[in-house]
Amino acid sequence: MSFWKIFFGSLLGFLAGLMLVVIFFIIIIGGIVATFSNQEPVSVKEKSILSLDLDYQIPEQSNYEPFTVFSLRDFGATLNPGVHDIVKNIRKAKEDSNIGGIYLQFGYAGGGMATTEQIRNALIDFKKSGKFIVSYAEVYTERTYYLCSVADKVFVNPKGAIEFNGMNVQYTFFKHLLDKIGVEPQIFYDGKFKSATEPFRLDSMSTPNKMMTRAMIEDIHQHIMKNISESRSIPLVQLDSVNDNFLVHNANEAVKYKLADSAFFVDQVQGYMKRKLNIGDEDKISFIKLGKYMKVKDDKSGISLDDDKIAYLIAQGDIVDGKGSDDNIGSSKYVELLRKLREDDKIKAIVLRVNSGGGSALASDVIAREVALTVKKKPVVVSMGDYAASGGYYISAFATKIVAQPNTLTGSIGVFGILPNLQELFEDKLGINFDNVQTGRYSDFGVPTRPLREDEKKIIQNEIDTIYSQFKETVAKGRNIEAAMVDSIAQGRVWTGSQGLELGLVDTLGGIGEAFSLAARLAHLSKYRILEYPELDQEWYQLLAKFSDNKSTQALREQLGIYYPMYNELRELSQMSGIQARMVSVPRFD
């Protein structure tokens, strides 16, 4: 009797606890749904300041980060505005009479150099309104300082600093690690500058890779220094001297060499902005964050539901076979999207936003063909983001026109394949042996438990050569460039947007706005609406879908810190299948 009392008592306790968990989860979901369902119009007070905090990995398409800051009173999620929404709302604030200025309050800005350039140019355009921009941070990274250098006043914390000592690109090499654990990467590639395979076959950068990388970063560095010189009214020679001799180590030196206007604490910065707004010292500044300002209706758009439409198709991440996911470019998904947009008579043109270092060569070719078919019916303008290289360039080549930022990384016209031989790892390190029976000489072709024979290596290299030739033919046909010229600028070499313009890989320099203007001219449109694709799921559903994957990735980033790129590169290697058209090592400029 006592046993059954204990059993049923424990069972009831377990069920009660489970029910509480379920009820708590339902309350959380209800709070999320209520948060996103509340779409009441947002009003802006007079003399408000648009507050921009870009301290996150800026995506192309706005998304939600679940429970970045969680409390029982707030079941919401953090909105991460995408680059297009950031630019669009800076432009909206320029025309908004209730917005008195913009406050940049971040020391680290996510995104690459082209993203930085896009937002920086939007801020320069905002200043034409006569409104002010103020920047403040405790510590500025070099790339963030480039963005914030357009501000009317740049303030730095008295105990802070501005990083200003030039650009550095560092690659990680895994050859010795692979040797030690008994893994032989069997590598095949075309293009002497195709550096994607170097981390696995060399222990340092090859001479062609160093030459390419130096030319690339010097071009970007000169562009940055010229623009900072103009924004801060510092002679370029003087600015170069400050940079080359590493003269700025703290806030006082930043002020001394005119990189900053004053070494202020945050209350002093707010005091300055109050004076600019002509409000009293005791008055409170009305800040409106970008995420909230995005909900403010743009009354000056003048666009009706009946106007012609331009589709804004965002292609960000690795290019993969099949449907893919929200974080990459699946070939079947984008074939379906392009076909849908091509057959929609209300869509008069397409702006294809490419931010990708490439991926599967097969998937890239499949998408490129769909772009070529679409161009026959309506204009397709590619707007290049931080990267549109290798497979990212492959899918762009057939576009009607290509627009890139000066510091976009593009080109990398080359392909490679890596097949690991794990025989030594299994047999010598782990004591595991394999045996098999097969019906033909090539029945076990490609297994990672033995090295490739010479005849098998020739088969793979022939496929690499064939796909490389097809890649170059696509570029020659799509860009109307002589085959010999394509061969000379291919070889896997990465170019900046500025260099790509000179070589014919790019038609014009600019950002998303320039791409829309060009698409409208090509389609003969005076007024148009922009429809964004892929279409986002309802925010609360999207939030739940991203719950596990994004949080685990974010946790890894935080825990691994500067070592995350090494982990990510090995992870990408383990997930590769088939022949690749990609940049494995994507350089960062901080």
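An account of the accompanying structure is given in this report. All values derive from a computational prediction rather than experimental measurement.

Bringing the packing of helix α7 (residues 207-232) against helix α8 (residues 236-244) into the picture now. Packed helices, taken two at a time, are described by their axes: the angle between them and the distance between them. In the contact formed by α7 and α8, the axes pass within 9 Å of each other and the chain directions differ by 120 degrees. Classed by the angle they form, the pair α7 and α8 counts as oblique. In the packing of α7 onto α8, the handedness of the crossing is right-handed. Contact with α7, carried on its side by H221, M225, K226, I228 and S229, involves L236, L239, D240 and N243 of α8 and no other residues of that element. By residue class, the composition of the contact of α7 with α8 is four nonpolar, three polar and two charged.

This paragraph deals with the sheet that holds strand β5 (residues 132-140). Strands sit in the order β8-β6-β5-β4-β1-β9 across an open sheet of six strands; the sheet is parallel. Bordering the open sheet on either side are β8 (262-263) and β9 (286-289), each of which pairs with just one other strand. Set on the sheet, helix α3 (residues 113-126) makes contact with β1 (48-52), β4 (99-104) and β5; between it and β4 the angle comes to about 150 degrees.

The subject of this paragraph is the packing of helix α12 (residues 331-343) against helix α13 (residues 361-375). The interhelical angle for the contact between α12 and α13, taken along N-to-C directions, is 5 degrees, at an axis separation of 9 Å. Compared by their axis directions, α12 and α13 come out roughly parallel. Here S331, Y334, V335, L338, R339 and R342 of α12 lie close against α13, whose contacting residues are A363, V366, I367, E370, V371, L373 and T374. Partitioning the contact of α12 with α13 into residue classes produces eight nonpolar, two polar and three charged.

The next thing to look at is the environment of Y189. Note on placement: Y189 falls in strand β7 (residues 184-190). Separated by 275 residues in sequence, Y189 and I464 have C-alpha atoms that sit 6.5 Å apart. Once residues lying within four places of it in the same chain are set aside, the contact partners of Y189 are K194, T197, R201, V415, F416, Q461 and I464. In this structure the side chain of Y189 is engaged in a polar contact, spanning 3.4 Å, whose partner is the side chain of R201.

Attention now moves to a negative patch on the surface. Judged by side-chain charge, E184, E424, E427 and D428 come together as a negatively charged surface patch. Considering every element that reaches the negative patch, the biggest residue donor is helix α15 (residues 423-429), with three residues. In this fold, D428 is placed in helix α15.

Of the consecutive residues Y533 and P534, the connecting peptide bond is found in the cis state with omega at -5 degrees. Even without a glycine there, the phi angle at K47 is positive, about 60 degrees. Relative to the assigned elements, K47 resides in the loop between α1 (2-37) and β1. One non-glycine residue, N480, adopts positive backbone phi at about 55 degrees. In this fold, N480 is placed in the loop between α16 (454-479) and α17 (483-489). By relative accessible area, which is 74% here, N480 ends up exposed.

When the terminal C-alpha atoms of helix α10 (residues 266-277) are compared, their 17 Å separation across twelve residues agrees well with the 16 Å that a helix rising 1.5 Å per residue should span. Those residues of α10 that sit buried are V269, G271, Y272, M273, K274 and L277. Buried positions along α10 lie against β1, β4, β5, β6 (153-162) and β9. Backbone geometry just downstream of α10 places N278 in the positive-phi region, at approximately 60 degrees.

Each value, and the rule that gives it
- Residues numbered from 1 in each chain as written.
- Predicted model: local features only at pLDDT ≥ 70, side-chain atom pairs only at ≥ 80, totals over all residues.
- Heavy atoms only, no water.
- Axes fitted to C-alpha atoms, helices over the stretch in contact; angles between N-to-C directions.
- Helix = DSSP H or I, 4+ residues; strand = E, 2+ residues; numbered from the N terminus.
- Parallel < 35°, antiparallel > 145°, perpendicular 65-115°, else oblique.
- Left-handed = near helix turned anticlockwise from the far one by under 90°.
- Contact = heavy atoms within 4.5 Å.
- Nonpolar A, V, L, I, M, F, W, Y, C, P; charged D, E, K, R; others polar.
- Pairing = 2+ DSSP bridges.
- Polar contact = N/O pair within 3.5 Å; in protein donor to acceptor, adjacent residues only side chain to side chain.
- Patch = residues over 30% accessible without salt bridge, like charges linked within 9 Å, V, L, I, M, F, W, Y side chains within 5 Å.
- Areas by Shrake-Rupley, 256 points an atom, 1.4 Å probe, with all protein chains shown as cover.
- Salt bridge = Lys/Arg side-chain N within 4 Å of Asp/Glu carboxyl O.
- Lys, Arg positive; Asp, Glu negative; His and termini not counted.
- Charge placed at Lys NZ, Arg CZ, Asp CG, Glu CD.
- Buried < 20%, exposed > 50% of the residue type's maximum accessible area, 1.4 Å probe, protein only.
- Expected span 1.5 Å × (residues − 1).

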